[in-house]
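# Overview (structure and organization)
Next come the chains, spelled out residue by residue.
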Amino acid sequence: LWTLNKGLLTHGRGLSQGSQYKISEPLHIHQVRDKLREIVGVSTVWRDHVKAMEERKLLHSFLPKSQKVLPPRKMRDSYIEVLLPLGTDPELRDKYVTVQNTVRFGRILEDLDSLGVLVCYMHNHNHSTKMSPLSIVTVLVDKIDMCKHSLSPEQDIKFTGHVSWVGNTSMEVKMKMFQEKYWPVLDATFVMVARDSENKGPAFVNPLIPENKEEEELFKQGELNKSRRIAFSTSSLLKVAPSSEERNIIHELFLTTLDPKTISFQSRILPPKAVWMEDTKLKSLDICHPQERNVFNRIFGGFLMRKAYELAWATACSFGGSRPYVVTVDDIMFQKPVEVGSLLFLSSQVCFTQDNYIQVRVHSEVSSLDSREHMTTNVFHFTFMSEKEVPLIFPKTYGESMLYLDGQRHFKSMSTPVTLKKDYPVEP
Ligand SMILES: CC(=O)SCCNC(=O)CCNC(=O)[C@H](O)C(C)(C)COP(=O)(O)OP(=O)(O)OC[C@H]1O[C@@H](n2cnc3c(N)ncnc32)[C@H](O)[C@@H]1OP(=O)(O)O
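This section reports on the structure supplied with the text. (Residues numbered from 1 in each chain as written. Predicted model: local features only at pLDDT ≥ 70, side-chain atom pairs only at ≥ 80, totals over all residues. Heavy atoms only, no water.)

Within this structure, the stated rule accounts for 19 salt bridges. Two residues, R37 and D34, come together in a salt bridge whose shortest N-O distance is 3.3 Å. Taken together, the positions of R37 and D34, both in helix α2 (residues 29-40) and three residues apart, correspond to about one turn of that helix. Put simply, D142 and R228 hold a salt bridge, and the shortest N to O gap is 3.0 Å. With D142 in strand β3 (residues 135-146) and R228 in helix α7 (residues 213-234), this pair connects stretches of sequence that are 86 residues apart. Linked by salt bridges that have partners in common, D142, E172, R228 and R229 make up one network. (Salt bridge = Lys/Arg side-chain N within 4 Å of Asp/Glu carboxyl O. Helix = DSSP H or I, 4+ residues; strand = E, 2+ residues; numbered from the N terminus.)

Written out as structure tokens, the structure is:
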């Protein structure tokens, strides 16, 4: 992997096209997880996982006490290209294909998650140690925007990625996906966090120095993204009351559902072409088997995203009455790791709609087999588009009204103009 990276330095192209540091041989998708195992030094069989983690403890001494002692890196140091050869590998295609002959987006989420981690290891590579003392985990999927083009399961896909901003222990990673002679089909921004060798405490990451105007812009955008995330979280409806404009929206919705025949706050009726929010729910349960573990023996974030996405898709599909396609994935925060053996409870519901758009929220909780206590680990936000106009959604309770407003905030934060998002079928 590291030899390959030297190749990156000598073959430059524009970063905006995601291929500034072209490599002659992109990694095969299977090599991504193999490389991660190599870098982290994990067991390939579950039986040996405790021993492997004991060995990682010894790497603790390689962790620096301050970020200042770490050499700065450039964006090209972490740049990688990965090939998903759907066109030439029919066996691989089977894992990715839907019954409608499109690409399973849930699988793409898994690949992006692994790629994001590998990109961060490239950035922090220390030539003096074979294994990395860092444990790198996904903390946030800031945004995934789909572009206009369809994903065919019969054509190769190329991923590119690099670190675009760093803090003290966190890194922002930009990833792109290309198909049909490298036409861009997806843009993703993830935030990853470095932890110590046992994944127990924070660990510093190498600083990042932008090399040209374009990279300075990306870095500045990373700073702005951080401020935006803080502002979004400070104004969360879990902390503060809705704005006066939002309160008006909720009251309007409430008035629309009052029965004109009775003068009462209690008798509510649904307007035509509308659905109560509570009637849009779907739930699922998964047992988190060792097979779904990541290199740190916790449950792989990509698996959690795939499960949440597929439930969200089914929710949007049964609500909208036609096959929806995803346009944006937004603000997935990984609050707590999921332990192997946990029970994973996912609850999905439509929380906002507009024209052909369906905003779905999935809440994920886990409990261990010996405790009944449930803990929230993630909240997922997906925006889907349906072929036809979808019903309006009405909240009944105050809690549902907050879900509605939160859904609307996420819908409004969609970065691509609505008109661009028309005809590309991407299904689970
Ligand atoms: C690849 C995989 O499969 S990983 C599996 C999926 N992911 C996981 O299991 C991670 C689960 N989450 C966690 O363990 C914890 O939330 C952690 C360790 C990521 C963060 O814990 P925290 O208590 O928030 O840590 P802490 O406050 O030290 O913050 C660490 C860094 O994360 C950043 N961070 C924390 N939350 C966020 C957020 N929502 N968005 C962006 N950055 C964030 C902080 O700014 C800080 O960065 P800095 O050091 O550069 O300033």
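Once you've had a look at it, read on.
Attention now moves to the nonpolar core. Among the nonpolar cores identified, the biggest contains 105 residues, and F105, I108, I144, F159, L186 and F384 are the most heavily contacted of them. Not counting residues within four places of it along the chain, the set of residues in contact with F159 comprises I29, I80, E81, V82, L84, I108, D111, L112, L115, K176 and M177. (Core = buried A, V, L, I, M, F, W, Y, C linked by side-chain atoms within 4.5 Å. Buried < 20%, exposed > 50% of the residue type's maximum accessible area, 1.4 Å probe, protein only. Contact = heavy atoms within 4.5 Å.)

Below, the discussion takes up the site of the ligand. As a matter of local geometry, the ligand sits amid 24 residues, with N168, T169, S170, G301 and F334 nearest to it. Within the backbone of N168, one N or O atom sits 2.8 Å away from an oxygen atom of the ligand. A distance of 2.9 Å is found between an oxygen atom of the ligand and a backbone nitrogen or oxygen belonging to Q335. Taken together, the elements giving at least two residues each to the shell around the ligand come down to α6 (105-123), β3, β6 (183-195), α7 and β9 (325-334). Of the residues forming the shell around the ligand, the biggest block, four residues, is contributed by β3. Considered class by class, the residues forming the shell around the ligand number eleven nonpolar, eight polar and five charged. (Near = heavy atom within 4 Å. Polar contact = N/O pair within 3.5 Å; in protein donor to acceptor, adjacent residues only side chain to side chain. Nonpolar A, V, L, I, M, F, W, Y, C, P; charged D, E, K, R; others polar.)

Look at α6 against helix α9 (residues 301-320): their axes get within 8 Å of each other, and the N-to-C directions meet at 160 degrees. Our classification of the angle between α6 and α9 gives roughly antiparallel. At the point where α6 passes α9, the crossing takes the right-handed sense. Across the interface between the two elements, F105, G106, R107, L109, E110 and D113 of α6 pack against G301, G302, F303, M305, R306 and Y309 of α9. Looking at side-chain class alone, the contact of α6 with α9 contains five nonpolar, three polar and four charged residues. (Axes fitted to C-alpha atoms, helices over the stretch in contact; angles between N-to-C directions. Parallel < 35°, antiparallel > 145°, perpendicular 65-115°, else oblique. Left-handed = near helix turned anticlockwise from the far one by under 90°.)

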